[in-house]
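Letter by letter, the chains look like this.
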Amino acid sequence: MNVRTAVLLFLLSVLLCPVVNAVESPMAQLKPTLKSLTDLLADERLKGDAHRDERRAKIMKAIKVGFDFEEMSKRILGRTWQDISAEEREYFTRQMIKLLENIYVGKLESYSGQQIDFQEERVKGKRAQVSTTIDNQGVKVPVHYILNLTDSRWMVYDINIEGVSLVGNYREQFKSILRTDKFAGLIKVIEEKNKSFEKGQASL
Amino acid sequence: MKIRTCSAIPVLLCLWLFLLGSSLIAPVAAVAADAMPDLLLEDEYDNDYDDWQDADIISDPLEPWNRAVFVFNDKLYFWMLKPVKNVYAEALPHDIRGCIDNFVNNLSSPIVLINTLLQGRFSDAWTVISRFGINTVLGVYGFGDPAASEFAMHPPSADFGQTLGRYGAGTGIYLYWPIFGPSNVRDTLGRVADFAANPVNYVGLNSDEALGYSGTALVNRMSVSPDVYEETIKYSLDPYVAIRQGYYEYRNARIRGGGTEENQ
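Residues take numbers from 1 onward in each chain, read along the sequence in its written order. To read the labels, note that chains go from A and ligands from 1, taken in the order they are written. In keeping with the model being predicted, local features are shown solely for residues with a pLDDT of at least 70 and side-chain atom pairs are shown and tallied solely at 80 or more, while totals for entire chains, interfaces and linings include all residues. Computation of side-chain values: all heavy atoms of the structure, hydrogens and water removed.

Things to note about the overall build of chain B
Under the convention used in this document: Numbering of helices and strands runs from the N terminus, with a helix taken as a DSSP run of H or I at least four residues long and a strand as a DSSP run of E at least two residues long. For the exposure calls, accessible area comes from a 1.4 Å probe over protein chains only, and a residue counts as buried if that area is under 20% of its type's maximum, exposed if over 50%, partly exposed in between. Calculation of accessible area relied on Shrake-Rupley with a 1.4 Å probe; when residues are assessed, cover is drawn exclusively from the protein chains displayed.
Along the backbone of chain B there are 11 helices and two strands. Listed N to C, the secondary structure of chain B is α-α-α-α-α-α-α-β-β-α-α-α-α in terms of helices and strands. Sorting the 264 residues of chain B into buried and exposed places 48% on the buried side. Total accessible area computed for chain B in this model is approximately 12,700 Å², and 66% of it derives from carbon and sulfur atoms.

Rendered as structure tokens:
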């Protein structure tokens, strides 16, 4: 190795250092999260109602690595978040995480091995969009993940399927409930919905 | 093909199924990799509650009336339509229902063709023509779909409400029709125009036969589509708002279509 090569290598290593240390791209971070989810959903040992609780626990653990349910809850509630006390926030977030778990995991469970293709990513400041398509019998359904950079990780806070935003949809529902029933009424509706899922679980 | 019905009720049920089907369970869009919409344009939130948008985007002055219709349709669905659909789905194997769906879609190609042309989506228009040719000849009058299975040509979809939207027409107020479900002024006009353009209207069927054809087509459509309506009810806190918002965003996405020609 001559001196020139050595200098080049040194320069290269200095130049590359910050790149290595920097945050991975949103897509690079989302990929393993989705992979672990699809692996869990495809796992024969976890299938069926008998393994429902175990499956859900594992899925939730995997989801929390890349999905920020607290951020989702805040965004869904909107401005009312500011008007409620610390305890109310805590209780609301807990109920919401339960609700989102029921909704998202319930939807995930209808997944049956379709191919997920990562199409592209877009980063704007601290927000990013990762676009994927899910192949459903030859028809490609677009699913976009919207992420927020928190500390040093990209966390999903919204999912957009065919143009319909999950957070946006619930925010509109909440707005309408808040207008007539205020925060106390909203909490009641969320509690009831969560109970209905538990009942559904019991009857299975 | 002759289908007879004796009463108007099943026909109405079927019509409703069709509209539910086409607005909520329409065949979904496949998108070209380079046609992903930019969803980061507006952050309505941006960690700053001061910019919080409280204004409704969807104009729904008839909400109380629409909500009453919503309740009516919901009962109709769970008490009548769902049982009808279940019996139908049990009576016919899934393959056959798939063939009937192909046949109906093939016959409606002219509507899709007109709309793709009006929207300037020329490669989609060509796909419609090619699919019609291939499926009518190789797919035995359109009962099969070799265009998709052998030539990977998936059906583009286009409707007149979408065409109007692409030319800049606003939605008008939100309408929740008895039997037909979510719509708005623009899409209602679009649906009437598309219905008028359906070639099935011009092959000399009498009105009973025409309705019977629509009815069968529609129950069939529902029987091969996922239960999006029921899912929405199950996962929503205010299903009326969930469907209103979902319909609005779904239609908008179809009109934007990723900005370029969509290959659905």
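Let us keep going from here.
Considering the sheet that holds strand 5 (residues 164–165) of chain A
All names here are of chain A. Here is the rule we go by: A pair of strands is considered paired only if DSSP assigns at least 2 bridges between the two. We call two residues contacting when some pair of their heavy atoms lies within 4.5 Å. Each axis is a line fitted through C-alpha atoms, and for a helix only the stretch in contact is used; angles between axes span 0 to 180 degrees, taken between their N-to-C directions.
A sheet is described by the order of its strands in space; here five strands give the open sequence 1-2-3-4-5, paired in antiparallel fashion. Two strands bound the open sheet, and with one partner strand each, they are strand 1 (116–124) and strand 5. The pairing of strand 2 (residues 127–136) with strand 3 (residues 139–150) spans 10 bridges and is classified as antiparallel. What sits directly across from Asn-136, in strand 3, is Val-139. Each of strand 1, strand 2, strand 3 and strand 4 (153–161) is contacted by helix 2 (residues 26–42), which is oriented at about 145° to strand 1, the strand it contacts most.

Section: the confidence of the model for chain B
All names here are of chain B. The condition is simple: Think of pLDDT as the predictor's per-residue confidence, scored from 0 to 100.
Looking at chain B as a whole, the pLDDT averages 80, with 78% of positions reaching at least 70. Under a pLDDT of 50 for its full length, residues 1–34 has, in the predicted model, 80 contacts with residues more than four places off or in other chains. Low confidence marks residues 258–264, where pLDDT is under 50. Its contacts with residues over four positions away, or in another chain, come to 27 contacts. Interface predicted TM-score (ipTM) for the complex: 0.80; the corresponding pTM is 0.80.

Some thoughts on the packing of aromatic side chains
Applicable threshold: Any two of the Phe, Tyr and Trp rings considered here, Trp counted by its six-membered ring, make a pair once their centres fall within 6.5 Å; the pair's planes then place it as stacked at under 30 degrees, edge-to-face at over 60, or tilted in between. We call a charge positioned above a ring when the Lys NZ or Arg CZ atom is no farther than 6 Å from the ring centre and deviates by at most 35 degrees from the ring normal.
Counting across every chain of the model gives 14 aromatic pairs over all chains. Ring centres of Phe-103 of chain B and Phe-143 of chain B lie 4.4 Å apart, and the angle between their planes is 10°; this geometry places the pair in the stacked category. Of the two residues, Phe-103 of chain B sits in helix 3 (residues 94–107) while Phe-143 of chain B sits in the loop between helix 5 (122–137) and helix 6 (146–149), which places them 40 residues apart along the sequence. Judged by its relative accessible area of 29%, Phe-143 of chain B falls in the partly exposed class. Judged by centre distance (6.2 Å) and plane angle (80°), the rings of Tyr-174 of chain B and Tyr-240 of chain B are edge-to-face. Of this pair, Tyr-174 of chain B sits in strand 1 (residues 174–177) while Tyr-240 of chain B sits in helix 11 (residues 239–256); the two residues are 66 residues apart in sequence, bridging distant segments of the chain. Of the two residues, Tyr-174 of chain B and Tyr-240 of chain B, neither departs from the other in class, the shared state being buried. A network of ring pairs unites the aromatic residues Trp-81, Phe-92, Phe-174 and Phe-183 of chain A as a single cluster. Over the aromatic face of Tyr-157 of chain A sits the side chain of Arg-75 of chain A, whose NZ or CZ is 3.7 Å from the ring centroid.

Focus: helix 8 (residues 185–197) of chain B
Residue and element names in this part refer to chain B. Our working rule: Helix span is expected to be 1.5 Å times the residue number reduced by one. As used in this structure description, the phrase polar contact means that two N or O atoms lie within 3.5 Å; if the pair is within protein, one of them must be able to donate a hydrogen and the other to accept it, and residues adjacent in sequence are counted only when both atoms belong to side chains.
Its 13 residues give helix 8 an end-to-end C-alpha distance of 19 Å, which sits within 8% of 18 Å, the value for a rise of 1.5 Å per residue. Listing the buried residues of helix 8 in full gives Arg-186, Asp-187, Thr-188, Gly-190 and Asp-194. Considering only its buried residues, helix 8 is in contact with helix 4 (109–118), helix 7 (160–166), strand 1, strand 2 (181–184) and helix 11. Residue Asn-184 occupies the N-cap position of helix 8, its side-chain oxygen lying 3.2 Å from the main-chain nitrogen of Arg-186.

Section: the environment of Lys-74 of chain A
With respect to the helices, strands and loops of the structure, Lys-74 of chain A is situated in helix 4 (residues 69–77). For the pair Lys-74 of chain A and Arg-153 of chain A, spaced 79 residues apart in sequence, the C-alpha separation works out to 19 Å.

What about the packing of helix 4 of chain A against helix 6 (residues 86–108) of chain A?
Residues and elements named next belong to chain A. Note the threshold: Roughly parallel means an angle under 35 degrees; roughly antiparallel means over 145; roughly perpendicular covers 65 to 115; every other angle is labelled oblique. Following the grouping adopted for this structure description, the nonpolar residues are Ala, Val, Leu, Ile, Met, Phe, Trp, Tyr, Cys and Pro, the charged ones are Asp, Glu, Lys and Arg, and the polar ones are all others, Gly among them.
As a packed pair, helix 4 and helix 6 sit with axes 9 Å apart at the nearest point and diverge in direction by 105°. By the angle between their directions, the pair helix 4 and helix 6 is classed as roughly perpendicular. Here helix 4 contributes Phe-69, Glu-70, Met-72, Ser-73, Ile-76 and Leu-77 to the contact with helix 6, which in turn contributes Phe-92, Thr-93, Met-96, Ile-97 and Leu-100. Residues of the contact of helix 4 with helix 6, tallied by class, amount to eight nonpolar, two polar and one charged.

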